[in-house]
Amino acid sequence: MTQKLFLFDAMAMIYRAYFALIGSPMINSKGKNVSAIYGFINSIVKIIEDEDPNYIAICSDTEKPTFRHKMFPQYKAQRMEIPTDMPWQIEKIKDVIKAMGIPLLTVDGYEADDIIGTLVKRAEKEKVLSYMVTPDKDFMQLVTDKIFLYKPARVAFGQRKDVEIVDIAGVRTKFGITDCHQVIDMLGLMGDTSDNVPGVKGIGEKTAMALIQEFGSIENIYKNIDRISKPKLKENLLENKEMAFLCRKLVTIDTNAPVKIDFHTLKRRDIDQNKFLELLTEFEFKSLIKKFSGQTAKAQKKAASEEPEVTIKGQKIEKVGTIKVDIKEQPKIHNTIKNTHHDYYTIKNVDELKRMIKKLSSEPVVCFDTETDNPDATQANIVGMSFAYKEHEAYYVPVYGNIKRSRTEASLFDAPASTKDKPVEKIGIEINEALKLIKPFLEDKKIKFIGQNIKYDYIAMKYYGIEIANMDFDTLIGAFILRPEGAHDMDSLAEKYLNYSPIPITDLIGSGKNQITMDKVDVEKASEYASEDADVTLQLYHRIKYELEKNNLVKVCTEVEFPLIKVLGDMESQGVKIDEKILGQLDKEIVKSAAKYEDEIYKAAGDRFNINSPKQLAEILYGKLKLNPSRKTKTGFSTDVKVLEELRYQHPIAGLLVEYRTLTKLKSTYIEGLTKAINPRTGKVHTCFSQTVAATGRLSSVNPNLQNIPIRTDIGRSLRKAFVPSQKGQKIMSADYSQIELRIMAHYADDDNMINAFKRGHDIHTETSMRVFNCEKKDVTPNMRRKAKEVNFGIIYGIGAFGLASRLEIKNTEAKDIIERYFREYPKVRDYMERTKKFARDHGYVESLLGRRRYLSQINNQNAAARAEDERAAINMPIQGTAADMIKMAMIKIDEAFAKHKLKSKMLLQVHDELVFEVYDNEMEKVKDIVTRNMRNAIKLNVPIEVEVGVGANWYEAH
């Protein structure tokens, strides 16, 4: 069996992990950035699990200058300062490497590249397959039939990047060369900006590729210099001849470095479980803690304890100890129910329930929580309810039986509480009796009810005809407003604020195939768990409320987020009607269109095959059609959409495949997805709106996501035709803010030109075109307006010349000129940007008009790339955050007005800047007036706010 050696380029992997999460870094409760550590550990763990290497080591540079610095003192001289929050992570990663039992190899005077190059060449002689784990293209010079470049999978900025393994064919495809060794000549010509290797002036990657493809090497170029037909290129080559050969030496990886270690000593060893878990706990990596806490000594591979870990320091081999294999119980660092005093009571009869209600009715603040049999509140049956009014004391009310409804209340979709497999003995209170007593208590407006994700409890109780009257505080939302980053579930908050670990839900219901629902759990166990939930939530309420007050963040909670809970709860309970006939018609259209594309794909391929099989598709694309693949995964050459887009210009089949994939995704994700999402109780789709996802405050929609219905294609837009009113005499109404973020930008910047354009009712993109391109309105072309639109919206997101050039497919110089002209016409916009960045640097956060904050941990980072992400967020968040606050305030006011005027029409959906309603025909004009008035006046700006309203038989017609 062939053996495998995996060598990691330490710093390349650390930086890769760090910058992959630069947009939303992982910050632990101590305020430490742990992104690089997390990404690094995950990469190693995944490779060990997926690849099962026989030998493994981490290779790193040292601080000592290398032989390259002696050859060229400017080598790597231009590198930006290390990010401020990196040194701590690098030191901790060294501890992680040691705890994982992996050798860390360094040699003074040489780089990690040279250590890796030397070891893989030694391994090659013994027919061991070597994998160089790094994103660095320089390593392609070493690729052979036994040496591969291995780029691990990662998720960055929401984009999944699969494992890429580069072999000889991959190198040839990328550079169009015949020999991987020619990569050295290419790099010598084009240089390497990351290492400050200049190369030949005026020669970039394309020119270098062309030269090496034609001449094969730098020597041959100069031997045939007279064959260079372009005068400037020939001149640059002649003037930089010495530099070309020097640069080739600089980029050549030394495969004979003095690495005094036999790669056979790099055999895999076991993790020091205790030390590793101690580090994971310090970093607060919950998923990894859970993963490794569950491992036992038996599950570990046999320890190579007779072989100590080896580190090369200079020329000296040090033994740093053997690997521990004893697995001891991880020390408890939090208090639990077992060592904390508490008084929890199970209410088992009506008399006890009456006494409890009487006691709680005199309390100003009561924590309320439900236990149900379903995570979807719109389908949940109540199993029990818990209450707490003082810390360390709580009550649980278990219920049993079926809910009774009058004929007028009955519904075909009602699902009574399940009694299957329940014990014969009924502990607790019959549900109808319990609800009769609980209803006036929960609907008492004098009592402030608090909870953790109390919207769930509101929806669950609403099904039983009870509306919690005064939802005063939600610890989930309060914690999010306090610090949007990090986890906000009750267990995480309890550990952070109370140093307490609640009972895990899996202790009651299990997990996986054997998981049960809460109604099957022993009442005494459920009582302890549910009472603790209420008690812990009450304790969190006191701490989080104090922190909100201390940080002046109460207003955004009390005026926006907490009042919105009821509004969203009502919208989710209401749901939206989906016309399955229309979905069926769309399904037929998609199937028909997909079939046409299938036939065209088969014709283009000259063969029939399984289009949905990546393996068969790869054989067609790269085997039969001989297309040049751009990326390889561990299972072969990639066939994902991004690769297909790149192949469009090589063969018509690529474009056909992209269209086919779009159709099949519409069918599986939306047609089939919406059908499956129809609630059996109501016959409607009930999305869940989350207030705790986006740091800007925007709502997100999940299960299903109705904010992401595709609208770029005709058939995608047609999906909205299936969203219809639930009754006759109703229509769908859509109300949409017009260019709200640009209006908020005008308000923040207080720019006269921009404000006047909005006040005069001009189209802001046309106005910008006239100013930027210095022309009359009649001369503004669609392309000019498109460019102006990209600039207008791009500025909000802190776009630069490179980003604008990419979007508009123009040169960087042209993009830079457009941006400069934009700022000349709207000078105060630039002032706003600089003012906002300064505020962020001084305070560590930015905020919306209502005081919603976003903390920016990288804003003062010495590293420009790390800092740039937070600078862009600083510019964007006040605008997007204010837009989010504005539509939320409008929703609250609209809901209040509907109640005041006793309207039967309902608000159904919020999709970013749009609200969707189900409106009775006889209420239409009243609803239009209420909606437009409250949307316009939600937050006062110094520019007019426009709302576009549409009405139709379905969402498609209304929008």
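Scoring rules and cut-offs
- Per chain, the residues get numbers from 1 upward, laid out in the order the sequence is written.
- pLDDT decides what is reported in this predicted model: residues at 70 or higher carry local features, side-chain atom pairs at 80 or more are listed and counted, and totals for whole chains, interfaces and linings draw on all residues regardless.
- Only hydrogens and water are set aside when side-chain values are computed; all heavy atoms of the structure are taken into account.
- What counts as a helix is a DSSP run of H or I of at least four residues, what counts as a strand is a run of E of at least two, and both are numbered from the N terminus.
- By the convention used here, residues are in contact when the closest approach between their heavy atoms is within 4.5 Å.
- DSSP calls a pair of strands paired once it identifies at least 2 bridges connecting them.
- Here pLDDT means the predictor's own confidence in every residue, given as a number from 0 to 100.
- Each nonpolar core is a collection of buried residues, namely Ala, Val, Leu, Ile, Met, Phe, Trp, Tyr and Cys, held together in the definition by side-chain atoms within 4.5 Å.
- Only protein chains enter the accessibility calculation, which uses a 1.4 Å probe; a residue is then buried when its area is under 20% of its type maximum, exposed when over 50%, and partly exposed in between.
- Whenever a helix is involved, its axis is fitted only over the stretch in contact; in every case the axis is a line through C-alpha atoms, and angles between N-to-C directions fall within 0 to 180 degrees.
- Geometric relationships in this document are graded by angle, where less than 35 degrees denotes roughly parallel, more than 145 denotes roughly antiparallel, 65 to 115 denotes roughly perpendicular, and other angles denote oblique.
- Note on residue classes: Ala, Val, Leu, Ile, Met, Phe, Trp, Tyr, Cys and Pro are nonpolar, Asp, Glu, Lys and Arg are charged, and everything else, Gly too, is polar.
- Polar contact criterion, stated in full: a pair of N or O atoms within 3.5 Å, where within protein one must be able to donate a hydrogen and the other to accept it, and residues adjacent in sequence count only if both atoms are side-chain atoms.
- Stacked, edge-to-face and tilted labels apply to pairs of Phe, Tyr and Trp rings (six-membered ring for Trp) whose centres lie within 6.5 Å, assigned for plane angles under 30 degrees, over 60, and everything in between, in that order.
- In our convention, an over-ring charge means Lys NZ or Arg CZ found within 6 Å of a ring centre and within 35 degrees of that ring's normal.
- When the strands point away from the viewer and the connection leading from the first strand across the helix to the second strand turns clockwise, the crossover is called right-handed.

**Q** What should I look at first to understand the side chain of Asn954 in this one?
**A** Secondary-structure assignment places Asn954 in the loop between β30 (947–952) and α36 (955–958). Every residue in contact with Asn954, bar those within four places of it in the chain, is listed here: Arg720, Lys721, Phe723, Val724 and Ile732.

**Q** Got a minute to help me understand the sheet that holds strand β24 (residues 723–724) in this structure?
**A** The pairing of strands in a sheet comes from backbone hydrogen bonds and takes either a parallel or an antiparallel form. Strand order in the open sheet made by the three strands is β21-β18-β24, with antiparallel pairing throughout. Unpaired on one side and paired on the other, β21 (684–685) and β24 mark the two borders of the sheet. The sheet contact formed by strand β18 (residues 576–578) and β21 spans two bridges and is antiparallel. Directly across from Lys577, in β21, lies its bridge partner Lys684.

**Q** Help me understand the confidence of the model for the chain, please; the structure alone is not making it clear to me.
**A** With 92% of its residues at a pLDDT of at least 70, the chain reaches an overall mean of 87. For the chain, the element scoring lowest by mean pLDDT is strand β10 (residues 316–319), at 33; strand β16 (residues 448–451) scores highest, at 98. Below a pLDDT of 50 lies the segment residues 155–159, which in the model reaches nine contacts outside its immediate sequence neighbourhood of four places, other chains included. Low confidence marks residues 296–332, where pLDDT is under 50. Its contacts with residues over four positions away, or in another chain, come to 80 contacts.

**Q** I tried to follow the nonpolar core on my own but got confused; where do I start?
**A** Ranked by internal contacts, the top residues of the largest apolar core, which has 196 residues, are Phe387, Leu621, Tyr737, Val829, Ile894 and Phe917. Top element by residues in this core is helix α34 (residues 864–900). It accounts for 12 residues. Of all hydrophobic cores here, the second largest spans 60 residues; its members include Val107, Ile218, Leu233 and Phe263.

**Q** Just checking my understanding: could you explain the packing of helix α29 (residues 764–772) against helix α30 (residues 782–796) for this structure?
**A** In a packed pair of helices, the relevant descriptors are the angle between the two axes and the axis-to-axis distance. One way to put it is that α29 packs onto α30 with a least axis distance of 8 Å and a crossing angle of 105 degrees. The orientation of α29 relative to α30 falls into the category roughly perpendicular. Mapping the contact onto sequence places Ile764, His765, Thr766, Thr768 and Ser769 in α29 and Met784, Arg785, Ala788, Lys789, Asn792 and Phe793 in α30. Looking at the contact of α29 with α30 residue by residue, the classes come out as four nonpolar, five polar and two charged.

**Q** Looking at this structure, I do not really get helix α1 (residues 10–20). What am I missing?
**A** Owing to its 3.6 residues per turn, the α-helix aligns residues three or four sequence positions apart on the same side. Of all 11 residues in α1, eight are buried, a share of seventy percent or more. Along α1, the positions that sit buried rather than exposed are Ala10, Ala12, Met13, Ile14, Arg16, Ala17, Tyr18 and Ala20.

**Q** Looking at this structure, how should I read the sheet that holds β30?
**A** Spatially, the four strands line up as an open sheet ordered β28-β29-β25-β30, and their pairing is antiparallel. The strands lining the two open edges of the sheet, one partner per strand, are β28 (906–911) and β30. In this sheet, neighbouring strand axes are inclined to one another by 20 degrees on average, regardless of whether the strands run parallel or antiparallel. Taken together, the seven bridges between strand β25 (residues 730–737) and strand β29 (residues 914–920) define a ladder with antiparallel strand orientation. Along β29, the bridge assignment pairs Ile732 with Glu918. Strands β25, β29 and β30 of the sheet are contacted by helix α35 (residues 924–936), whose axis makes an angle of about 20 degrees with β25.

**Q** What should I look at first to understand the environment of His342 in this one?
**A** Residue position: His342 is located in the loop between β10 and β11 (343–346). Separated by 49 residues in the primary sequence, His342 and Glu391 have C-alpha atoms spaced 8.4 Å apart. Once residues within four sequence positions are removed from consideration, His342 is found in contact with Ile337 and His392. From its side chain, His342 meets the backbone oxygen of Thr340 in a polar contact 2.9 Å long.

**Q** For this particular structure, what's the right way to read the packing of aromatic side chains?
**A** The description of an aromatic ring pair rests on the distance of the ring centres and on the angle between the ring planes. This structure, assessed with the given rule, holds 28 aromatic pairs. Pairing Tyr38 with Phe285 gives two aromatic rings, centres 5.0 Å apart and planes at 70 degrees, and the pair type is edge-to-face. Note that Tyr38 is positioned in helix α2 (residues 35–51) and Phe285 in the loop between α12 (273–283) and α13 (286–293), a separation of 247 residues in sequence. Since its relative accessible area comes to 2%, Phe285 is described here as buried. When the centroid spacing of 4.9 Å and the interplanar angle of 90 degrees are considered together, the rings of Phe276 and Phe292 count as edge-to-face. Linking Phe276 in helix α12 with Phe292 in helix α13, this pair joins segments that are 16 residues apart in sequence. One aromatic cluster is present, built from ring pairs that chain together Phe6, Tyr131, Phe148 and Tyr150. Sitting above the plane of the Tyr855 ring, Arg483 keeps its charged end 3.7 Å from the centroid. Above the face of the Tyr920 ring, Lys904 is positioned so that its terminal group lies 4.6 Å from the ring centre.

**Q** Looking at this model, I keep getting lost on the pairing of strand β17 (residues 471–474). Mind explaining?
**A** For a regular strand, side-chain orientation follows a simple rule: the groups alternate between the two sheet faces. When β16 meets β17, the two strands line up parallel, connected through three bridges. Residue pairing across strands places Gly451 opposite Asp474, the latter belonging to β17. Handedness of the crossover is the feature at issue here: the chain leaves β16, passes through helix α16 (residues 454–462), returns alongside β17, and the resulting connection is right-handed.

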